[in-house]
Amino acid sequence: MTSNGAGILSPAVELIHRSLFAICLPDESYCWDNARRFSGYAKRLQLVINQFLRLSPDNCSPSLQNVLKGIAGELMKAEETLSAYRHRSKIYVLINCRTLCAALQECSVSIGGWLALLDSTLQDNTDLHKKTADLSRDMKQPQFRVTEHEERVCCTLQKEGQGRPTTKAVQSAIIMDLARALGIDSENHAELAEQIKILKSDLTRSKSVSERRSLMSLEKTFDSWSVEPIIAARSFDFEIEEDTHILPFKNFICPLTKEVMKEPVVLESSQTYERSAIKYWFERCIEDGRDPTCPVTGQVLNSLEQKPNISLAGAIEEWLNRNIDIQIKSAVQHLSDDSPPSAECIERILDNIYLICEEHPSSRYRVRNAGIVVLIAKLLKNSSKNIGSHLISKALMALLSMAKDEESKRQMLEEGITRSAIHSLIGSSDKEREYAVKLLLEFSSDEGYCAKISSEKGALVLLSSLAGNLEYPAISNLAEEILKRMEKVEENVQHLAAAGRFQPLLTRLCHGGANDVRMEMASLVGKMTLSNCGKDQIARQGAKILVEMLSKPEERAPSLKALYNLSTLDDNATILVDSAVFPALTDILFTDTPSDLKELAALILANVVSQPGHWELASADKEGNSMQSETIICSLLRLLYVGSPKCQVAILQILIGIASSPQASESVADHIKSGDGITAVITFLQHPEVGHRIYACRLTRILSEKLGLVLADELKLSNKLQLFKDKLLDNECNDGEKSEAACVLANLPLSGDEVKTVLGADIVRWTVTALKEQRHSSGLRSSRPASSMMEGLLGLLLHYARSHDPAILNMIQEYRLLTIFCKQLSYSSLPRVKQRAALGLKYLSESGRILAADSDSEPPPPNGFCLCLATISGRGPKIPAECPFHNAPCEEDSQFCLLKGNCIKPLLDILGDEDTNVQIAAVEALSTLVSDNSYSLKGAIDELQQLGVIDDVMTLFIEVRPGELQEKAIWLVERALRVESQTQRQSLNQALVRALVDAFKHGNANAKRHAQEALTNLRQISGVGGKNSNQSRGGRR
């Protein structure tokens, strides 16, 4: 070759030589047939290239250059592929065997084509021409292929990488197949682990998802397969004789599961496997579309026949029985020992007993006959606190497996295992609770055992609790299944109902058919202590049938008891009314029936009518009369005279309920009055039984709100007015009676003389003390009795506040009633209390104005009218400044002056109260500060303006609708607008003008008159024509 030619060819030739040097290695350098075959082609190519370069050194045509460049390029590709065969993991080659084989095939065909082009230039050299042609032909038709075994393993690894579920047997077969393809002994764990490690390194930078999945699946399969299972001949942590500890023979172990075979079968390859294991492997082969093979030999099987290995099975059975006997004997020995074994030893014993019973069910009788059931029961009874929840769950697990033997189950019940299982329902671990429920479920398969479980204390309550706990659905479903089984047993109905499972009871009550069944179920409802939820459920489903039972005399007693129990829940009143309970009850109450039934009927009625709003429109008897009708009221009053003591108390309760209803109170009060019921009621005020007195007093209090004058006359006539005062002052009288007595006296119209003679100083002193005690004891909480007491106490003080008697005025000053009323405005959240407190301030302020007027016509006292009670000492006290509202000196702590008593701000605060009656009382109290006297009007209005009263009242008047509150507010507004300064301030207040116009159009007569006068004053100031309305009053101030 000339220097010029060599210079042109040298790059391509250099690449060819370099690639051939890397490829042409000894055959032993390659582990794979395809790589060795290509290496052989490369060696022949090396000879052809070398000979060609020696014979044609000057041939440098462009076509020759292209041929050499093409061969160089293909050799570089082949070098890269062969590098994978040499340096990558064998498993990597298997996974990519198709790709690698195809790459070599492509390179070989391409090089063969280039050689054909080269051969066309070698016609003169016969020997080289023949070598080149032969090599070209061979490389164009290469024999690179993936073997059936490699194809099978590659397919398996890729499909396993898809994450499909597998079994231990399939995993073992896969590893055996892989080891065979790699030329490794399947028992050589280290070599297999090394290959997987190399594969993991090879795929570190791989972006192929399928390769990474195959790696993960292979690692998981290898880890699972490499774990050696514990052979059935397990040893305890205690000493036994060495010659009795028998390990299994190797041929007892299944190659796939690595465990002692239970059902050994032989294939046509003469290999023995566990039947289930080889079955799984065959199913996987068929699923993958490959021929089933023998996992150990790799032989493709022509037949899938599995012949039982009878002789081997017999040998295994004999070996198992001997080992089971050894384990049972050792377990009995250590569980019976006086000194208890260690926790680890107990755990191993329980695990082995469980495995014996689960894996060899026919041996359960041997476990039972050895006394294991009794020993485990003893362990749970005596050592449950010491062994812990983990071992208890193990013991329950062993018992659960043994309970599948009926005789063992009977022994467990005799030994009280049910009690232990029930106790474990509240165990500290989920496993303990789970196995306890499973054991009880096993017991509940028999009706007799169901009764045994339900009779155990707390069993049904705990099971119901677990059934309703959705946090643990598995346990919840099991508990629910147990309860459903128990519901089928008649004896369990009462126990289930006591645990809150009422459906069996309701089913028998509503659909039981036989009268005795219904009566029995009704009796259960009547005597059970029910939760509110239970009462609601039973009432919704069973109220109608219970009411129907009232029509049959023999069924009345249990039905009445059940209805009474249900009626104690207020929310059930509507359900009972809708079930037409009233006519059935009144029929029993007003006809000739035993007294005990009358008492129950009356008590049910009392419970139903205790809450207003749902019974007033219902028919109370067969004629359609309502509970508040005259017919029913008169019938109740007649029964009040002749009924038993318990019935009388219930009748009083009924009258209290219907008289308390806002819809019925007026008519009920009239019917009681016309039926001479007041006389009947007050006869019970001094009854020897506390219940009669309390309910009579409460009914009297309710009637006093509607029939105050009639009731007062009746009480005076019967000399029972003093009785209520005595109740208040009696320390032995309970708070309920005192509260009712205070309200009765507060509601009765008493004259000034009666206030002095009946109530006197004793009651005012007691009332003031009781108010202080009520405020300290109730705090921020206000119960119904406490609220009633507060209303009654303030009502009593109102009697004193209304009086102008000098002796009572002295009591007012002494006990500082104005201060007490004022404090109640701030302390109390009760509308009635605030209303009465505001009225008390109104009455005291009116008394103050009267006293001020009297002081104008008489010589003034030393320190003004408010000092009439002061003690005169050697030096006279300082005379207070003149009060702008009384035009007389008022001392700082006057009990008749709202200004000096600091009552105006609290009254302003309640102007915005939600209760209209409270607002009216506040306006009335503030109105007492203003008089019609033109001289004092301006000063009073100016003072009220400074205190913010005028603006607040104006705002209130603008916002209110026509009614009593508007009438009270417009009176004060009109008085304020008589003062010129106010008319000037409000002349442009269009909201006020619109409110006045609205009052003029829609208000009552008084409101219209005051609105007209107020509008006249405003028009005069604003320049609108009209006569000066104040000219007749002597001018504007």
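From a predicted model like this one, the values you see are computed outputs, not experimental measurements.

Cut-offs used in this document
- Residues numbered from 1 in each chain as written.
- Predicted model: local features only at pLDDT ≥ 70, side-chain atom pairs only at ≥ 80, totals over all residues.
- Heavy atoms only, no water.
- Helix = DSSP H or I, 4+ residues; strand = E, 2+ residues; numbered from the N terminus.
- Buried < 20%, exposed > 50% of the residue type's maximum accessible area, 1.4 Å probe, protein only.
- Contact = heavy atoms within 4.5 Å.
- Areas by Shrake-Rupley, 256 points an atom, 1.4 Å probe, with all protein chains shown as cover.
- Lys, Arg positive; Asp, Glu negative; His and termini not counted.
- Charge placed at Lys NZ, Arg CZ, Asp CG, Glu CD.
- Axes fitted to C-alpha atoms, helices over the stretch in contact; angles between N-to-C directions.
- Left-handed = near helix turned anticlockwise from the far one by under 90°.
- Nonpolar A, V, L, I, M, F, W, Y, C, P; charged D, E, K, R; others polar.
- Pairing = 2+ DSSP bridges.
- Salt bridge = Lys/Arg side-chain N within 4 Å of Asp/Glu carboxyl O.
- Phe/Tyr/Trp six-rings, centres within 6.5 Å; stacked < 30°, edge-to-face > 60°.
- Parallel < 35°, antiparallel > 145°, perpendicular 65-115°, else oblique.
- Polar contact = N/O pair within 3.5 Å; in protein donor to acceptor, adjacent residues only side chain to side chain.
- Expected span 1.5 Å × (residues − 1).
- Arc of directions from axis to C-beta.
- pLDDT = per-residue confidence, 0-100.

**Student:** Would you take a moment to explain the overall build of the chain for this structure?
**Tutor:** Along its length, the chain carries 50 helices and three strands. Taking the principal axes of the C-alpha coordinates as reference, the chain spans close to 165 × 90 × 65 Å. Within the chain, buried positions represent 53% of all 1037 residues. Restricting the contact set of the chain to residue pairs at least 6 apart, pairs at least 24 apart contribute 68%. Summed over all atoms, the accessible surface of the chain reaches about 48,400 Å², with 49% contributed by carbon and sulfur. Positive and negative side-chain charges of the chain, numbering 117 and 132 respectively, have mean locations separated by a distance of 4 Å.

**Student:** Help me understand the packing of helix α24 (residues 515-527) against helix α26 (residues 553-567) in this model?
**Tutor:** Close contact between α24 and α26 brings their axes to 7 Å; oriented N to C, the two are set at 35°. In terms of crossing hand, the pair formed by α24 and α26 is left-handed. Of α26, the residues touching α24 (which contributes Asn515, Arg518, Met519, Ala522, Ser523, Val525 and Gly526) are Glu554, Glu555, Pro558, Ser559, Lys561, Ala562, Asn565 and Leu566. Considering only residue class, the contact of α24 with α26 consists of six nonpolar, five polar and four charged.

**Student:** Whenever I open this one, the sheet that holds strand β2 (residues 272-274) confuses me. Can you help?
**Tutor:** Hydrogen bonds between backbone groups are what pair the strands of a sheet, and the pairing can be parallel or antiparallel. One open sheet accounts for three strands, arranged β2-β1-β3; its pairing is antiparallel. Lying at the two open borders of the sheet, with one neighbouring strand each, are β2 and β3 (307-308). As paired elements, strand β1 (residues 264-266) and β3 share two bridges and run antiparallel to each other. Across the sheet, the residue bridging to valine 265 is proline 308, located in β3. Each of β1, β2 and β3 touches helix α11 (residues 275-288); the most contacted strand, β2, lies at about 90° to it.

**Student:** Where do I start with the pattern of salt bridges in this structure?
**Tutor:** Side chains that carry opposite charge are capable of pairing whenever their charged atoms lie near each other. One pass over the structure, following the stated rule, counts 56 salt bridges. Ionic pairing is found between glutamate 456 and arginine 419, a salt bridge with its closest N-O pair at 3.4 Å. Taken together, the residues span a long stretch of sequence, with glutamate 456 in the loop between α19 (447-455) and α20 (459-467) and arginine 419 in helix α17 (residues 417-423) at a distance of 37 residues. Since its relative accessible area comes to 11%, glutamate 456 is described here as buried. Linking lysine 842 and glutamate 924 is a salt bridge whose minimum nitrogen-to-oxygen distance equals 3.4 Å. Of this pair, lysine 842 sits in helix α42 (residues 831-857) while glutamate 924 sits in helix α44 (residues 916-927), and the two are 82 residues apart along the sequence. Like lysine 842, the residue glutamate 924 is buried in the burial classification. Each of Arg44, Lys130, Asp134, Arg137 and Asp138 takes part in salt bridges that share partners, so that together they form one network.

**Student:** Help me understand the environment of glycine 40, please; the structure alone is not making it clear to me.
**Tutor:** Assignment of secondary structure puts glycine 40 in helix α2 (residues 33-55). Sequence separation between glycine 40 and proline 26 is 14 residues, and the spatial gap between their C-alpha atoms is 9.3 Å.

**Student:** How should the packing of aromatic side chains be read in this particular structure?
**Tutor:** For any pair of aromatic rings, geometry is given as the distance between the ring centres together with the angle between the planes. Scanning the model with the defined rule gives four aromatic pairs in all. The interplanar angle of 80° and the centroid separation of 6.0 Å between the aromatic rings of tyrosine 41 and phenylalanine 144 together place this pair among those described as edge-to-face. Note that tyrosine 41 is positioned in helix α2 and phenylalanine 144 in the loop between α6 (126-140) and α7 (148-160), a separation of 103 residues in sequence. The burial state of tyrosine 41 is the same as that of phenylalanine 144; both residues are buried.

**Student:** Would you mind going over the environment of isoleucine 417 with me for this structure?
**Tutor:** If you trace the backbone, isoleucine 417 turns up in helix α17. Ignoring any residue separated from it by four or fewer positions in sequence, one finds isoleucine 417 in contact with Ala377, Leu380, Leu399, Met412, Leu439 and Phe443.

**Student:** What exactly am I supposed to notice about the packing of helix α28 (residues 581-589) against helix α29 (residues 595-608) here?
**Tutor:** Helix-helix packing: each pair is described by the crossing angle between the helix axes and the interaxial distance. Between α28 and α29, the least distance of the axes is 8 Å, while the angle of their chain directions is 140°. Of the possible angle classes, the one that applies to α28 and α29 is oblique. Both α28 and α29 take part in a crossing whose hand is left-handed. Of α29, the residues touching α28 (which contributes Phe582, Leu585, Thr586, Ile588 and Leu589) are Leu597, Lys598, Ala601, Ala602, Ile604, Leu605 and Val608. Partitioning the contact of α28 with α29 into residue classes produces ten nonpolar, one polar and one charged.

**Student:** Any chance you could explain the side chain of serine 19 here in plain terms?
**Tutor:** With respect to the helices and strands, the residue serine 19 is situated in helix α1 (residues 3-23). Within the local environment of serine 19, its side chain forms a polar contact with the side chain of glutamate 79, the two groups lying 3.5 Å apart. Once you skip the residues sitting within four places of it in the chain, serine 19 turns out to touch Leu75, Met76 and Glu79.

**Student:** Got a minute to help me understand helix α13 (residues 343-359) in this structure?
**Tutor:** Residue pairs spaced three or four apart in an α-helix point in one direction, given the helix's 3.6 residues per turn. Counted at 1.5 Å a residue, the expected span for α13 with its 17 residues is 24 Å, and the 24 Å between its end C-alpha atoms agrees. For α13, the full list of buried residues reads Cys345, Ile346, Ile349, Leu350, Asn352, Ile353, Ile356 and Cys357. Summarising the axial view, the buried residues of α13 lie within an arc of 160°, below the 170-degree limit, and thus occupy one face.

**Student:** Just to check I follow, could you spell out unusual backbone geometry for this structure?
**Tutor:** Phi is mostly negative for residues that are not glycine, and the peptide bonds are mostly trans. Here the phi dihedral of lysine 258 falls at roughly 60°; this positive angle occurs in a residue that is not glycine. With respect to the element layout, lysine 258 can be found in the loop between α10 (209-226) and β1.

**Student:** What am I meant to see in the confidence of the model for the chain here?
**Tutor:** Predicted coordinates in areas of low pLDDT are best not read in detail. The pLDDT averaged across the chain works out to 84; a share of 91% of its residues lies at or above 70. When mean pLDDT is taken per element in the chain, β1 scores highest with 94 and α1 scores lowest with 72. Note that residues 1-8 has pLDDT below 50 and, in this model, nine contacts with residues that lie over four places away or in other chains. Confidence over residues 232-244 falls short of pLDDT 50; this stretch has 32 contacts with residues more than four positions distant or in other chains.

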